[in-house]
Structures are given as C-alpha cells and as structure tokens.
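Each chain, letter by letter, is given below.
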Amino acid sequence: MHKIVNDTTVNTLRFLSVDAVQKAKSGHPGLPLGAAPMSLALWGGEMKHNPKNPNWQNRDRFILSAGHGSSLLYSLLHIFGYDVTLDDLKNFRQWDSVTPGHPELGHTDGVEITTGPLGQGIANAVGFAWAETYLAAKFNKPNFNIVDHYTYVVCGDGCLQEGVAAEAVSLAATLGLGKLILMYDSNDITIEGATNISFTEDVGKRFEAYGWHVQKVSDGNDLSDIMNAIETAKSVKEKPSIIEIKTIIGYGAPNQGTAGVHGSPLGDEGITKAKETLNWQHEESFYVPQDVKDTSADWVKIAQKWEDDWNKLTDEYKAAYPENWKAWEIWHAKKLPIDLDNWDEFWQYEGNLATRASSEVVLNKLSQHIPNLFGGSADLAPSTLSLMKDRKSFSKETPCGSNLHFGIREHGMAAIANAFAAYGGLRPYVAGFFVFSDYMKPAMRLSALMKLPVIYIMTHDSIGVGEDGPTHQPVEQLAALRSIPGFTVYRPCDTKETAASWAYALTKVDGPTALVLSRQNLPLLPETGKGAYKGAYVLKEDINPNTGKPDILLMASGSEVELIYNAQPILKAAGIYASVISVPSLEVFERQSDDYKEEIMPKCIRARLAVEAASTFGWHKYTGLDGAVIGIDTFGASAPAPALFKSFGFTVDVVVEKAKELI
C-alpha cells in the first residue's frame, strides 16, 4: 500500500468533491462521500497510470460508470497529478470549464470515456477489456507483454438496473475477460429512495450465474479490505470480477444514507456537520493538506517508472520483432495503410446487388488491406452480411479473431464499440437491422458526442423488408440519426456508392458513420462513384434548350434513386427536363461549399421533388415551398416488398405524375 492511501487523503477527496458541488450549487455529493475510499484504494494501490502521460498505451483504464459522481473523479485527477487544478474544481459545472457535470472524453485530462447515462460505462469497460485481450493476442510475444493492463469500472445500484449493463456483463463472462474488474458502490439508495422499492435481487448471485468471480467487502471505509479484494480479483485470470462494496451514500453528512444526499449540495451547515463527523479540522474550502501534496508527488515518481519500464520493454520488442512493431505503428496510425481513392479494384464492380451485399463485397476487399478492422453483428451476420471471410471469430479460445459475435445485445454492442474506438489501434464496426438502431441510439448518440469513428452497418433499410411488417420496417430512423449532431448517415444507391460510403467512414476520424443498406437488389448505375464523397451529386441532367437549365430537380437516396433515374427519360419525352441527383448523405452535402451546393441544387430552380422510402421529415429544406416529397409518414405493412413499394407510391409512374404536377 502506497502511503498516499490513508484516511487523510480519503477525506481530502471527499471535501474537494463536496466543495465543488457546493460552489456550483448543483451536483451529486452522495457518491463521492461514500465511494472515496474504494476509489483511493484503487488509484493509489493496484491501478497503473501515469498523470504525466494520460495517453500512455499500457495504462490501466478507469471508467466511472456512475458519471453523476464526476466531482470525485475530478478530485482524484487533481490529487494524483493530472492537469486538473483547484481552480478547475472551483469551476465545476461552469461554462467553458474542464470539469463538466458528467465526465467527457477529450474534455478533461485523464477521462477515458464519456459517462453519465447509467450502465453504458459498464459496457464501455467491457469494450476496453475486450480490446486489451485482442491486441495482447495479436502483438504479445514470450517475455514481451507490451499489451498487459486491467480495466476498472466503478458503478452503482442504478447502473446495474439498466439493461445495457446486463447485456455487457453477460457477454464479458462468455468471452472470459479476466482483466475486467467491476467495483460496485452498493449503497441501497437511488433518487426515489431505498432500492428495495424496485431492486431486491441478490446481485452477487446474479453475477455468479453470469460466470463472474464475486467478492463482497462489508465496510466501504476499510481501505485494507478493499485493496485485498482488488488484488484477489487480479489473480483470477479466467473470468471477470465484481467486488460489491457496501457503502453509505453521503457518508458523514447529516442526511447520509438517504435519497436526499444523492443529487443536492449539502449546504454550508451540512458541510460543517460533515466535517465534524469525519474529524476534518479545516474550515477552508478546497483545502489540500501538505502531507497529501507530498505523498502525491512521491506517487507520481512511481507512476512514471511504470511507463519508463514499458518504454524499455517496447524498445527491446522493436529490436526483437521489427515487423510486428511496424504493424503496431500501422494499427495505431490515423491514416489508412492503403490509398482507397487510387486503388482501382476498390471501385470496380459488376451486377445488381442489394447494398447490404455490396457492403459485404467491399468489406472483404478492405479486410485484406486494413488489418485492424474489428467488428461484428448483434447475432445477424448472415443477414447483415458483415463477416470478414478471411478472419477468425473472437472467442475465449481464439482471442486473435477479429469477427465479433455480440449476441442479441444491440445497446451493449454499440457502447462496447465506443470503447473500441476510444481505446486506439482498432477500426471498429458493428452491424444490425436498421429498425433496431432504436435499441442502439443512446450509445450512437455518445459516439457522436465523443467524436468517435465507429462505423454502423444498418441493413434492411425500408419497407423493402417486406413481409416482416411494420415492426421491422424503419420509417423514422433515418430522420432520427440525421438529427444527431456530428453523426453522418450514408444511404447508398448501388455498390459503387457503398464503396464510397465505406471509404468516407474509414477516413472520418472525428465522428461516427452509419451505412444504411437495402435488403433488395438495386441496379449498378453507370454514373455513380466518388461523387458520393460530397453527399449529393448530379448523375445525369437534361437541359431545357429554351431556358438553359433543368425544369425540375429530382432528388433521392438509396433504393429510390433508381426511380428518379428511370423517370427522367419519360419526363423528357413529355417535354420536361430533369436533373437527377443522388443524395447519399445530407450531412456530408451540408459540409460542402455554398458554390458546390448551388451547382448541384440551383436556387433558381424551384420545382423540386425528393423521393425516399422513409419519413419526409428533414427533406423540405431541400424541396422548398414549391417542391414536394414522396415519402412515408405512416408505419409500413406486412406484404411482399414489390407490393409495398407500389402501394405506398414508390413507382416511376408516381414520380413522373408528381413531377408533372410541380411543373
């Protein structure tokens, strides 16, 4: 036990956290007061990390799944020497501070992942542990464990009530992620009161049933018992571990052990009484005793030695295994190892394919040249066609496999993928039916918030699902994903646009991309291709000889591009000249210059028709007051796909008729 682990440091963490909440006039003091001992026992004991280089690749990962207790995390970061100052603690939850209300990746030095939506942090931790296991299997050599660390997560009762946690911990046991340790702040309180009004299960027995190693610490203030439990958990290599640590929420406060201490400042009187109870004889706010500063400085030297030893090991690894180290650098580079734009084979395709099948063809070309592609499906690989055929499947027995099987766990899958992207060295993708993006959306939203380049393969994109009916036919999901800030949606119309969508997604490093793909076959159009990089482009255009411009703009994405493409010659025969515009990505089109937007959709042409087998929401920006949208603003129905498209008005005849009305 390092000398920083003591009751004085525990109380320092408690009152720094309480003071931050008090000054902000908002926040959650309950968790920091109760969970400070377990956090200190971990941070000052078994956890390897280096505040001088928070991105050191072999550090242990720490996730605060109960992200509402962020003031404790920021206090830990301050005490352990990260770039979080006392002034930062004083600016907790304020505009433009580095200490926001919940931890945010890329915002605060030392924060590994954005947390707060309960349960997702547990799934993130599974992702970190999974990534560690895989990269260790790929790169470690005898006597050279360059990937060798643990993942720790602190959660509360609320996290363990969320379904996403259940999804993730079940999978973690199946995969045998023995370097995952969950520290459960078990205080029997949630916002509404005692947990027994809704949560009476035996958590330990549940985790035993999952296949986890289970321990219980009866006194959450016993630093020695907590550290011993962590050490024991680390010795269990074949399964993940949970340590249930019984704590008192708001420990020391007048209203400790009640819901009232969860999410409200203690108030000046409450802080005074808490100091009396905990024998904290310092009236000054944000006070750090000198002996805590001294032990922290000493601890930082030890932390640096961990990284120095690893750097020495990697230098020896480079000399012994130069090709493996070269691969390591390729895996961890942001730039792709192949120039997709100038790879001719990548753009050469034949025949009509469903774009989910197009994606399979493209993915399997990519897997031969991008070694760190890492992904899979929520038990739907045969339908989403998301398997890399030249790769093995990951399992406890084959940890070097990069085809992943998440089981029927969409929310957990997406949250785990966020951790893959945050971990580094991997290019993650996940796949599922588009309608079930509803199950994934909380984690997809965080992908965008964290600017993580997760690729989402979303198939069965419209009423083309057919007989499965409205429960499986995505109608509003396109609009939902398009509404997420920083999220890019591609809905390609053929194989070449699918290739462009993949290329865009793989080169986008600052946010997620969804590839929305069809179940039914679509024609390969001669004019499609790299123009999809710009989100919208003209496939073909008829010019009215009298005006020198088209009479109408026809716009569509995905399967409906075929309709406007085939409507154009019929309209021309009727004396109407149309521009056919494929719009695979509205978000990417919005990022283009004003000149380009004007070139593709001239403002002077007010007759505009958009066609998409989904909600019309969002299209009126492009069709304007004088235009129209052929879409679906109801749910679908159960019938063969051709009958559905005809019944809902997605035919060339309807497009032609509507265009004539607009003219």
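For the structure, see preceding data.
This structure is a prediction, so every number in the text was calculated from the model and none was measured.

A. Local environment of the layout of surface pockets. Its volume calculated, the largest pocket comes out at about 840 Å³. Lining the largest pocket are 33 residues, with Lys-334, Ala-421, Ala-422, Tyr-423 and Gly-424 positioned closest to its centre. Counting residues per element, the ones that place at least two in the lining of the largest pocket are helix H15 (410-423), strand E11 (427-433) and helix H18 (495-507). With three residues, H15 is the single largest residue contributor to the lining of the largest pocket. Residues belonging to the lining of the largest pocket are distributed by class as follows: 16 nonpolar, nine polar and eight charged. For the second largest pocket, the calculated volume is near 320 Å³. If you trace the second largest pocket, you find 19 residues lining it, with His-68, Leu-118, Gly-158, Thr-190 and His-262 closest to the centre. Broken down by secondary-structure element, the contributors of at least two residues to the lining of the second largest pocket are helix H6 (157-161) and strand E4 (189-190). Considering each element in turn, the lining of the second largest pocket owes the most residues, four residues, to H6. Among the residues forming the lining of the second largest pocket, the class breakdown is seven nonpolar, 10 polar and two charged.

B. Examining the nonpolar core more closely. The biggest cluster of nonpolar side chains holds 132 residues, and the ones touching the most others in it are Trp-43, Trp-130 and Tyr-456. Among the elements that make up this core, the one with the highest residue count is helix H5 (residues 120-139) (12 residues). Counting residues in each nonpolar core, the second largest holds 78 residues, with Leu-340, Trp-343, Leu-539 and Phe-645 among its members.

C. Focus on the pattern of salt bridges. This model, assessed by the stated rule, comprises 21 salt bridges. Taking the shortest distance from any N to any O, the salt bridge between Lys-318 and Asp-315 comes out at 3.6 Å. Highlighted residues: Lys-318 and Asp-315, both in helix H11 (residues 290-320), separated by three residues, approximately one helical turn. The class of Lys-318 is partly exposed, set by a relative accessible area of 33%. Connected through shared salt-bridge partners, Glu-132, Asp-148 and Lys-179 make up one network.

D. Molecular detail of helix H7 (residues 163-175). Helix length check: H7, at 13 residues, gives a terminal C-alpha distance of 19 Å against a target of 18 Å (1.5 Å per residue), a fit within 8%. Where H7 is concerned, the buried positions are Val-164, Ala-165, Ala-168, Val-169, Ser-170, Leu-171, Ala-172, Ala-173 and Leu-175. For H7, the elements touching its buried residues are H5, H6, strand E3 (180-186), helix H8 (203-210), strand E10 (403-405) and H15. Following H7 by one or two positions, Gly-176 has its phi on the positive side, about 65°.

E. Spatial organisation of the environment of Thr-498. Relative to the helices and strands, Thr-498 is located in helix H18. Sequence-distant contacts of Thr-498, that is, excluding residues within four places in its chain, are made with Thr-355, Ser-358, Ser-359, Pro-492 and Leu-517.

F. Structural view of the pairing of strand E6 (residues 213-217). The alternating pattern of E6 places His-213, Gln-215 and Val-217 on a buried face and Val-214 and Lys-216 on a face that is not buried. The pairing of E6 with strand E7 (residues 241-246) spans five bridges and is parallel. Directly across from Val-217, in E7, lies its bridge partner Ile-245. Of the crossover connections in this fold, the one passing from E6 over helix H9 (residues 223-235) to the parallel E7 is right-handed.

G. Inspection of the sheet that holds strand E14 (residues 513-516) at higher detail. With parallel pairing, six strands are arranged side by side in an open sheet as E10-E9-E11-E12-E14-E13. Whereas interior strands pair on both sides, the edge strands pair on one side only; in this sheet they are E10 and strand E13 (488-490). The sheet shows a mean angle of 20° between the axes of neighbouring strands, direction not considered. Sheet analysis places E11 next to strand E12 (residues 455-459), joined by five bridges and oriented parallel. By the bridge assignment, Val-430 is partnered in E12 with Tyr-456. The strands touched by H15 are strand E9 (373-377), E10, E11 and E12; relative to E11, the strand with the most contacts, the crossing angle is about 165°. Here helix H16 (residues 437-450) sits on the sheet in contact with E11 and E12, set at roughly 160° to E12.

H. View of the packing of H15 against H16. For the pair H15 and H16, the least separation of the axes is 7 Å and the interaxial angle reads 15°. The angle between H15 and H16 falls in the class roughly parallel. Note on packing geometry: the crossing formed by H15 with H16 is left-handed. Residues Glu-410, His-411, Met-413, Ala-414, Ala-415 and Asn-418 of H15 pack against Tyr-439, Met-440, Pro-442, Ala-443, Leu-446, Ser-447 and Met-450 of H16. In terms of residue class, the contact of H15 with H16 is built from nine nonpolar, three polar and one charged.

I. Expanded view of the sheet that holds E3. Here five strands make up an open sheet; going across it, the order is E1-E2-E3-E7-E6 and the pairing parallel. Across the chains shown, the open sheet's two edge strands, defined by having one partner strand only, are strand E1 (61-64) and E6. Strand-to-strand, the axes of this sheet are offset by a mean angle of 15°, without reference to chain direction. Sheet topology places E3 next to E7; six bridges connect them, and they run parallel. Considered in E7, the bridge of Leu-182 is made with Ile-242. Contacts from H9 reach strand E2 (151-156), E3, E6 and E7 within the one sheet, and its direction differs from that of E6 by about 175°.

J. Broad picture of empty space enclosed by the protein. Under the definition given, this model contains four cavities of 30 Å³ or more. A volume near 100 Å³ is recorded for the largest cavity. Forming the walls of the largest cavity are Trp-43, Met-47, His-49, Pro-54, Arg-59, Asp-60, Phe-62, Leu-73, Leu-77, Tyr-82, Gly-110 and Glu-112. Split by residue class, the lining of the largest cavity holds seven nonpolar, two polar and three charged.

K. Spotlight on helix H13 (residues 355-366). For H13, spanning 12 residues, the distance from its first C-alpha to its last is 16 Å, which sits close to the expected 16 Å at 1.5 Å a residue. With 11 of 12 residues buried, H13 lies mostly within the body of the structure. Where H13 is concerned, the buried positions are Thr-355, Arg-356, Ala-357, Ser-358, Ser-359, Glu-360, Val-362, Leu-363, Asn-364, Lys-365 and Leu-366.

Definitions and cut-offs
- Residues numbered from 1 in each chain as written.
- Predicted model: local features only at pLDDT ≥ 70, side-chain atom pairs only at ≥ 80, totals over all residues.
- Heavy atoms only, no water.
- 1 Å grid on protein atoms, 1.4 Å probe; cavity = no way out; pocket = protein on both sides within 12 Å on 5 of 7 lines; lining within 4 Å.
- Points joined across faces, edges and corners; volume = space filled by probe spheres on them.
- Helix = DSSP H or I, 4+ residues; strand = E, 2+ residues; numbered from the N terminus.
- Nonpolar A, V, L, I, M, F, W, Y, C, P; charged D, E, K, R; others polar.
- Core = buried A, V, L, I, M, F, W, Y, C linked by side-chain atoms within 4.5 Å.
- Buried < 20%, exposed > 50% of the residue type's maximum accessible area, 1.4 Å probe, protein only.
- Salt bridge = Lys/Arg side-chain N within 4 Å of Asp/Glu carboxyl O.
- Expected span 1.5 Å × (residues − 1).
- Contact = heavy atoms within 4.5 Å.
- Pairing = 2+ DSSP bridges.
- Right-handed = clockwise from strand over helix to strand, strands pointing away.
- Axes fitted to C-alpha atoms, helices over the stretch in contact; angles between N-to-C directions.
- Parallel < 35°, antiparallel > 145°, perpendicular 65-115°, else oblique.
- Left-handed = near helix turned anticlockwise from the far one by under 90°.

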